[in-house]
Amino acid sequence: MTASNTNDLTVFITSRTSRCDECKEDLGRHAWITLQGEGRAVCLACADLDHLVFLPSGDTALTRRARKHSRLSAVVLKWSQARKRYERQGLLVEEDALTQAEGACAADAATREATRARAAERRAELDEEYVTRFAARVRELYPGTPKGAKRDRRARMPQVQRSRGSQWAAKALDEDAVRLAVAAHVRHTETPYDDLLAGGCDRGDARARVNDQVAAVIRTWKCSSRKTQKPANTEPQTRHC
Ligand SMILES: [Zn+2]
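Residues numbered from 1 in each chain as written. Predicted model: local features only at pLDDT ≥ 70, side-chain atom pairs only at ≥ 80, totals over all residues. Heavy atoms only, no water.

**Focus: the overall build of the protein chain**
For step 1, the next point in the chain: Across its full length, the protein chain holds eight helices and eight strands.
For step 2, the next point in the chain: Here the protein chain holds 241 residues, and 33% of them are scored as buried.
For step 3, the next point in the chain: Long-range contacts, defined as pairs at least 24 residues apart, comprise 51% of the intrachain contacts of the protein chain with a sequence gap of at least 6. (Helix = DSSP H or I, 4+ residues; strand = E, 2+ residues; numbered from the N terminus. Buried < 20%, exposed > 50% of the residue type's maximum accessible area, 1.4 Å probe, protein only. Contact = heavy atoms within 4.5 Å.)

**Things to note about the coordination of the zinc ion**
For step 1, the next point in the chain: The coordination sphere of the zinc ion, as far as protein atoms go, consists of C20 (SG), C23 (SG), C43 (SG) and C46 (SG), spread over 2.2 to 2.3 Å.
For step 2, the next point in the chain: Taken together, the four donor atoms surrounding the zinc ion define angles of 103 to 116 degrees at the centre, an arrangement classified as tetrahedral.
For step 3, the next point in the chain: Classification of C46 by relative accessible area gives partly exposed; the value is 25%. (Donors = N, O, S within 2.8 Å, 3.2 Å for Na, K, Ca; no water. Tetrahedral: all angles 85-135°; square planar, octahedral: opposite > 155°, others 65-115°.)

**Some remarks on unusual backbone geometry**
For step 1, the next point in the chain: A positive phi is found at K24, a non-glycine position, where the angle reads about 65 degrees.
For step 2, the next point in the chain: Within the secondary structure, K24 is located in the loop between β2 (18-19) and β3 (26-28).

**Points about the confidence of the model for the protein chain**
For step 1, the next point in the chain: In this model, the protein chain carries an average pLDDT of 79, and 79% of its residues clear a pLDDT of 70 or more.
For step 2, the next point in the chain: Counted against residues more than four places away or in other chains, residues 1-5, with its pLDDT under 50, gives seven contacts. (pLDDT = per-residue confidence, 0-100.)

**Concerning the pairing of strand β5 (residues 40-43)**
For step 1, the next point in the chain: Strand direction decides the pairing type here: strand β4 (residues 32-36) and β5, joined by four bridges, are antiparallel. What sits directly across from T34, in β5, is V42.
For step 2, the next point in the chain: The antiparallel hairpin formed by β4 and β5 contains three residues in its connecting segment, where G37 sits at a positive phi of about 45 degrees. (Pairing = 2+ DSSP bridges.)

**Considering helix α5 (residues 175-190)**
For step 1, the next point in the chain: Compared with an ideal rise of 1.5 Å per residue, which puts 16 residues at 22 Å, α5 spans 21 Å between its outermost C-alpha atoms and is within 8% of the ideal.
For step 2, the next point in the chain: Those residues of α5 that fall on the buried side of the exposure criterion are V178, A181, V182, A183, H185, V186 and R187. (Expected span 1.5 Å × (residues − 1).)

**Considerations on the pattern of salt bridges**
For step 1, the next point in the chain: This structure, assessed with the given rule, holds nine salt bridges.
For step 2, the next point in the chain: As a salt-bridge pair, R65 and D108 come within 3.3 Å of each other at their nearest N and O atoms. Linking R65 in helix α1 (residues 60-69) with D108 in helix α2 (residues 95-141), this pair joins segments that are 43 residues apart in sequence.
For step 3, the next point in the chain: D108 gets classed as partly exposed once you look at its relative accessible area, which sits at 28%.
For step 4, the next point in the chain: Between R179 and D176 there is a salt bridge, with its nearest N and O atoms 3.3 Å apart. Of this pair, R179 and D176 both sit in helix α5, three residues apart, which is roughly one turn of the helix.
For step 5, the next point in the chain: Given a relative accessible area of 36%, R179 falls into the partly exposed group.
For step 6, the next point in the chain: Taken together, the shared-partner salt bridges in this structure form one network comprising R83, R85 and E87. (Salt bridge = Lys/Arg side-chain N within 4 Å of Asp/Glu carboxyl O.)

**Digging into the environment of V182**
For step 1, the next point in the chain: Tracing the chain through its elements places V182 in helix α5.
For step 2, the next point in the chain: In this structure the C-alpha to C-alpha distance between V182 and V138, which are 44 residues apart in sequence, comes to 8.1 Å.

**What about helix α7 (residues 203-222)?**
For step 1, the next point in the chain: At V210, α7 shows its largest bend, some 45 degrees.
For step 2, the next point in the chain: For α7, every residue scored as buried is listed here: A206, V210, V214, V217, I218 and W221. (Bend = angle between axes of the 7 residues up to and from the residue.)

**So, the environment of S70**
For step 1, the next point in the chain: Note on placement: S70 falls in the loop between α1 and β7 (74-80).
For step 2, the next point in the chain: When the C-alpha atoms of S70 and L98 are compared, they prove to be 7.7 Å apart, with 28 residues separating the residues in sequence.
For step 3, the next point in the chain: Reaching out from S70, the side chain makes a polar contact with the backbone oxygen of L72 at a distance of 2.6 Å. (Polar contact = N/O pair within 3.5 Å; in protein donor to acceptor, adjacent residues only side chain to side chain.)

**With respect to the packing of aromatic side chains**
For step 1, the next point in the chain: With the rule as written, the count across this model stands at three aromatic pairs.
For step 2, the next point in the chain: Between W32 and F54, the aromatic rings sit 5.0 Å apart at their centres with planes inclined by 90 degrees, giving edge-to-face as the arrangement. Here W32, found in strand β4, pairs with F54, found in strand β6 (residues 53-56); they are 22 residues apart in sequence, far enough to count as distant.
For step 3, the next point in the chain: In this structure W32 comes out as partly exposed when scored by relative accessible area, which is 27%. (Phe/Tyr/Trp six-rings, centres within 6.5 Å; stacked < 30°, edge-to-face > 60°.)

This is how it looks when you write it as structure tokens:
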């Protein structure tokens, strides 16, 4: 498999009816010919190119490889009436070269697939790390958050973060971002907000109607868990908000 593009020949797809200047056969319209010596049209059989197979343009990697593996190859050009120029249609290459190139590209596809899988794994790890860090941050800022709610958020939050990268994750852990996330969670789970929306209430109105409720829940979540879980408030360790 010597790589030698100097062997590249040119094959034309004719637009007019043509005839082979060697075997004298009528080739009809759209014949595939080569031009040899003084503009003589020669059919592929006479030019000894009829053993080559046609690989249409489009797959760059496959074309590059097939050409590299083919001792003999020919660029196929066709006259474009509209653009007034020859346009490349593809490549004639040896069948073995094409088979070899297809094999290499398939192996590549497998490699690409493996690379993609590894990248997805890394993203998943990032998500996992992010989930843990987010949960810790919520515990820190809202120690009174019920355990169930925390679990729910841990399940929900990473969806937002997916595929955004670690910089975004770091930003998402700042106090404001956590506050907004917690408020959204409270709105959806601790108030009739979703029912209001389902009932056709305008989003702004619905938010306005549950705002006080959201604020009240968040106030309790900001306090120590003991206070939230035991509103009787008899524990000596209870902190005040
Ligand atoms: Zn001929």
